[in-house]
Amino acid sequence: MIKNPIQLRMEKLPEWQQRLFMICLCERMYPNFVYYCKQVDNQEDSKNYKKILDLIWESLLVYDVKINFDLQLEKLEAIIPVFTNESPYMVYPAIDACQALSELLHSYLSGDIAEHTAKVSSISATTIAEFEMTKENILLSEDEQQQLPSVIDEFDLQWEIFRLLRDEKNEMEDLIKGLKAEIRTSQMSNIGVFLSN
């Protein structure tokens, strides 16, 4: 799995900032899951994914909010796509989106934030590399994958989020709401899937 050097820096940030980083990346993978659900005519699962995302945003914004993360993990596990020979390609980015969200939920349950943050960072970049390899019908080494322009763009975006967190000068609530609004407004996934209304 591709690793971004940012991962070593991320673990020095407070827990809430690492979770904010993770949910930003999950939010960017969400359109991939929605697109897959449309392909298989199962919009209910995409709504359930969104409900879990909304609860995690709420956990960052509302102090002492009570959320049963074990239950949310169960709900997520129930909607993870199963690959079959008839599955469209988008099943892979959809599974990745679920894996990333699972890592985020596990960060609340295990307490080992840094490990989960690193995995979410890697999952998002790997989704992109695999999409590019499939599109071009090529197989690249991990080093070559890291040199793909779209993967470099992803790393740049992850660094941008990191710098916003590290240099945080706004109120915590403003930062969280600002990032949430920016990602949701763009409606664009990490592999360029557009979330149409």
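Now for a description of the structure that goes with this document.

1. Remarks on the side chain of Gln 17
Thinking step 1. Examined against the element boundaries, Gln 17 turns out to sit in helix H2 (residues 15-39).
Thinking step 2. Judged by relative accessible area, which is 4%, Gln 17 ranks as buried.

2. Describing the packing of helix H6 (residues 113-136) against helix H8 (residues 149-166)
In a pair of packed helices, the angle between the axes and the distance between the axes together describe the arrangement.
Thinking step 1. Interhelical geometry of H6 versus H8 gives an angle of 160° and a closest axis separation of 9 Å. Viewed along their axes, H6 and H8 adopt a mutual orientation that is roughly antiparallel. Seen along the crossing, H6 lies across H8 with a hand that is right-handed. For the pair H6 and H8, the contacting residues are Ser 121, Ser 124, Ala 125, Ile 128, Ala 129 and Glu 132 in the first and Ser 150, Val 151, Glu 154, Phe 155 and Gln 158 in the second.
Thinking step 2. Here the residues of the contact of H6 with H8 are counted per class, giving five nonpolar, four polar and two charged.

3. What to know about the nonpolar core
Thinking step 1. In terms of nonpolar packing, the biggest core is built from 61 residues, with Leu 20, Ile 23, Phe 33, Tyr 49, Leu 76, Leu 101 and Leu 165 touching the most fellow members.
Thinking step 2. The dominant element in this core, judged by the number of residues it contributes, is H2, at 13 residues.
Thinking step 3. Setting aside anything within four residues of it in sequence, one finds Leu 101 in contact with Cys 26, Tyr 49, Ile 52, Leu 53, Ile 56 and Leu 76.

4. Details of the side chain of Thr 117
Thinking step 1. Structurally, Thr 117 can be placed in helix H6.
Thinking step 2. We classify Thr 117 as buried; its relative accessible area is 2%.

5. Section: helix H9 (residues 172-186)
Thinking step 1. In this model, H9 (15 residues) spans 22 Å end to end at C-alpha, consistent with the 21 Å of a helix rising 1.5 Å per residue.
Thinking step 2. Taken together, the buried positions of H9 are Leu 175, Ile 176, Leu 179 and Ile 183. Buried residues along H9 cover an arc of 95° about the axis, so they all sit on one side.
Thinking step 3. Of the residues trailing H9, Gln 187 is marked for its positive phi of about 55°.

6. Remarks on the pattern of salt bridges
Thinking step 1. Summed over the entire model, instances satisfying the criterion amount to nine salt bridges.
Thinking step 2. Between Glu 15 and Arg 19 there is a salt bridge; the shortest N-O distance is 3.9 Å. Taken together, the residues Glu 15 and Arg 19, both in helix H2 and four residues apart, mark about one turn of the helix.
Thinking step 3. Glu 15 sits in the partly exposed class, given a relative accessible area of 44%.
Thinking step 4. By sharing partners, the salt bridges in this structure join Glu 27, Lys 50, Asp 54 and Arg 184 into a single network.

Analysis parameters
- Residues numbered from 1 in each chain as written.
- Predicted model: local features only at pLDDT ≥ 70, side-chain atom pairs only at ≥ 80, totals over all residues.
- Heavy atoms only, no water.
- Helix = DSSP H or I, 4+ residues; strand = E, 2+ residues; numbered from the N terminus.
- Buried < 20%, exposed > 50% of the residue type's maximum accessible area, 1.4 Å probe, protein only.
- Axes fitted to C-alpha atoms, helices over the stretch in contact; angles between N-to-C directions.
- Parallel < 35°, antiparallel > 145°, perpendicular 65-115°, else oblique.
- Left-handed = near helix turned anticlockwise from the far one by under 90°.
- Contact = heavy atoms within 4.5 Å.
- Nonpolar A, V, L, I, M, F, W, Y, C, P; charged D, E, K, R; others polar.
- Core = buried A, V, L, I, M, F, W, Y, C linked by side-chain atoms within 4.5 Å.
- Expected span 1.5 Å × (residues − 1).
- Arc of directions from axis to C-beta.
- Salt bridge = Lys/Arg side-chain N within 4 Å of Asp/Glu carboxyl O.

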